[in-house]
Amino acid sequence: MNPLIKVIIPAYNEQDSIAHVINDIPSIVSEVIVISNNSTDNTEINAKNAGATVLSENRKGYGYACLKGMEYISIKKEKPDIVVFLDGDYSDYPEQLTELVAPIMNDNIDFVIGARVQRLREKGSMTPQQVFGNWLATTLMKLFFGAKFTDLGPFRAIKYDKLLALNMEDKTYGWTVEMQLKALKQKLTYTEIPMKYRNRIGVSKVSGTVKGSILAGIKILGWIFKYSFK
């Protein structure tokens, strides 16, 4: 029997990309949930027209949007086996979702990260500060926790029951690293799948600004140091 898969896509002003993302998601997915995170453009209309369930979260923050998606799933009668998180900017290749969930379906792995490896990345798709931030965060996780992560990639899949057990709480930039740290703490089985990565449509709200990059860096390092002393 095929597992039930739902996709959560946080989106803030992604009117030009969101339909591309939704249309490229494989048919093995039962529901695509787009959370408009205070969007002021046509993100919600375009997502609805592309066939997604659209929710609204006015509190700005990546984590707020993801938590809204999880809350929606929790009140539905039919619970998924796997939840996939994906960005709405079309930098990932949604059609690779089948590769992403394969270790969960075939090998009973709990948690899979889509790793944005250099050889598969389009030139300029990750800023120097993103590359450095990823390297620093994953190096510290290796040092403190013996982790094998190489990326904090937002394209990720996790068993729904394991996701619930993580008790996710970060509201903004620390969501991805919090999930990885808690997965380590709870000794979840995990792996990374090399993924293609391209230049996003539009401007990044985090890595595209100095302020966003600094705040994200502080949040990520804060989570790592918090967990290293627990």
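The name recorded for the chain in an unreviewed UniProt entry is Glycosyltransferase family 2 protein, from Tenacibaculum singaporense.

The subject of this paragraph is the overall build of the chain. When you go through the chain residue by residue, the secondary structure sums to eight helices and seven strands. For a compact globule of 230 residues, the expected C-alpha radius of gyration is about 17 Å, and the chain comes in at 16 Å, within 12% of that figure. Seen through its principal axes, the chain has C-alpha atoms that stretch 45 × 45 × 35 Å. When burial is assessed residue by residue, the chain has 50% of its 230 residues classed as buried. Taking all contacts inside the chain whose residues are at least 6 apart in sequence as the whole, residues at least 24 apart take part in 76%. As displayed, the chain has an accessible area near 10,900 Å², and 54% of this comes from carbon and sulfur atoms. Side-chain charges of the chain comprise 29 positive and 24 negative groups, with the mean position of each set lying 6 Å from the other.

Look at asparagine 38: it is not a glycine, yet its phi comes out positive at around 70 degrees. By secondary structure assignment, the location of asparagine 38 is in the loop between strand 2 (29-36) and helix 2 (43-49). Phi at lysine 187 is positive, roughly 55 degrees, even though this residue is not glycine. One can find lysine 187 in the loop between helix 7 (175-185) and strand 7 (190-194). A relative accessible area of 71% means that lysine 187 is categorised as exposed.

For strand 1 (residues 5-11), a buried count of seven out of seven residues is recorded, marking the element as mostly surrounded by other parts of the structure. By the bridge criterion, seven bridges tie strand 1 to strand 2 in an arrangement that is parallel. Residue isoleucine 9 lies in a different strand from strand 2, and its bridge partner there is valine 34. Handedness of the crossover joining strand 1 and strand 2 through helix 1 (residues 18-23) is recorded here as right-handed. Where strand 1 meets strand 4 (residues 82-85), four bridges bridge the pair, whose relative direction is parallel. When the bridges of strand 4 are listed, isoleucine 5 appears paired with isoleucine 82.

The next subject is the packing of aromatic side chains. Across all of its chains, the model carries five aromatic pairs by this definition. Where phenylalanine 144 meets phenylalanine 145, the ring centres are 6.2 Å apart and the plane angle is 80 degrees; that geometry is what we call edge-to-face. With relative accessibility at 36%, the residue phenylalanine 144 sits in the partly exposed group. Feature note: the residues Phe111, Phe149 and Tyr190 constitute an aromatic cluster, connected by ring pairs. The side chain of arginine 116 reaches across the aromatic face of tyrosine 197, ending 5.2 Å from its centre. In this structure, arginine 198 is placed above the aromatic ring of tyrosine 90, and the distance from its NZ or CZ to the ring centre is 3.7 Å.

The end-to-end C-alpha distance of helix 5 (residues 128-145) is 25 Å, a good match for the 26 Å that 18 residues give at a rise of 1.5 Å each. Turning to helix 5, its buried residues number three or more, namely Asn134, Ala137, Thr138, Leu140 and Met141. End-on, the buried residues of helix 5 take up no more than an arc of 155 degrees, which puts them together on one face. Away from the buried face of helix 5 by more than 90 degrees, exposed residues Pro128, Lys142 and Leu143 are located.

Right, let's talk about the side chain of aspartate 110 for a bit. Note that aspartate 110 resides in the loop between helix 4 (97-107) and strand 5 (111-115). Among the polar contacts made by the side chain of aspartate 110, one reaches the main-chain amide nitrogen of threonine 189 at a distance of 2.9 Å. With sequence-adjacent residues up to four places away left out, aspartate 110 is seen in contact with Ile104, Ala157, Ile158, Lys159, Lys162, Leu188 and Thr189.

Attention shifts here to the nonpolar core. Note that soluble globular proteins tend to have their nonpolar side chains buried in a common cluster. If you look at the biggest cluster of nonpolar residues, it comprises 35 residues, and the most contacted ones within it are Phe85, Met141, Leu163, Val177, Met179 and Ile224. Breaking this core down by element, the ones donating at least two residues are strand 2, helix 3 (62-74), strand 4, strand 5, helix 5, helix 6 (160-165), helix 7 and helix 8 (210-228). Residues within four places of phenylalanine 85 in sequence aside, it is in contact with Ile8, Cys66, Met70, Pro154, Phe155, Arg156, Ile158, Leu163, Trp175 and Met179. Grouped together as the second largest cluster of nonpolar side chains are 28 residues, Val21, Ala52, Leu97 and Met195 included.

Cut-off values and rules
- Residues numbered from 1 in each chain as written.
- Predicted model: local features only at pLDDT ≥ 70, side-chain atom pairs only at ≥ 80, totals over all residues.
- Heavy atoms only, no water.
- Helix = DSSP H or I, 4+ residues; strand = E, 2+ residues; numbered from the N terminus.
- Rg over C-alpha atoms; globule rule 2.2 N^0.38 Å.
- Buried < 20%, exposed > 50% of the residue type's maximum accessible area, 1.4 Å probe, protein only.
- Contact = heavy atoms within 4.5 Å.
- Areas by Shrake-Rupley, 256 points an atom, 1.4 Å probe, with all protein chains shown as cover.
- Lys, Arg positive; Asp, Glu negative; His and termini not counted.
- Charge placed at Lys NZ, Arg CZ, Asp CG, Glu CD.
- Pairing = 2+ DSSP bridges.
- Right-handed = clockwise from strand over helix to strand, strands pointing away.
- Phe/Tyr/Trp six-rings, centres within 6.5 Å; stacked < 30°, edge-to-face > 60°.
- Lys NZ or Arg CZ within 6 Å of the ring centre and 35° of its normal.
- Expected span 1.5 Å × (residues − 1).
- Arc of directions from axis to C-beta.
- Polar contact = N/O pair within 3.5 Å; in protein donor to acceptor, adjacent residues only side chain to side chain.
- Core = buried A, V, L, I, M, F, W, Y, C linked by side-chain atoms within 4.5 Å.

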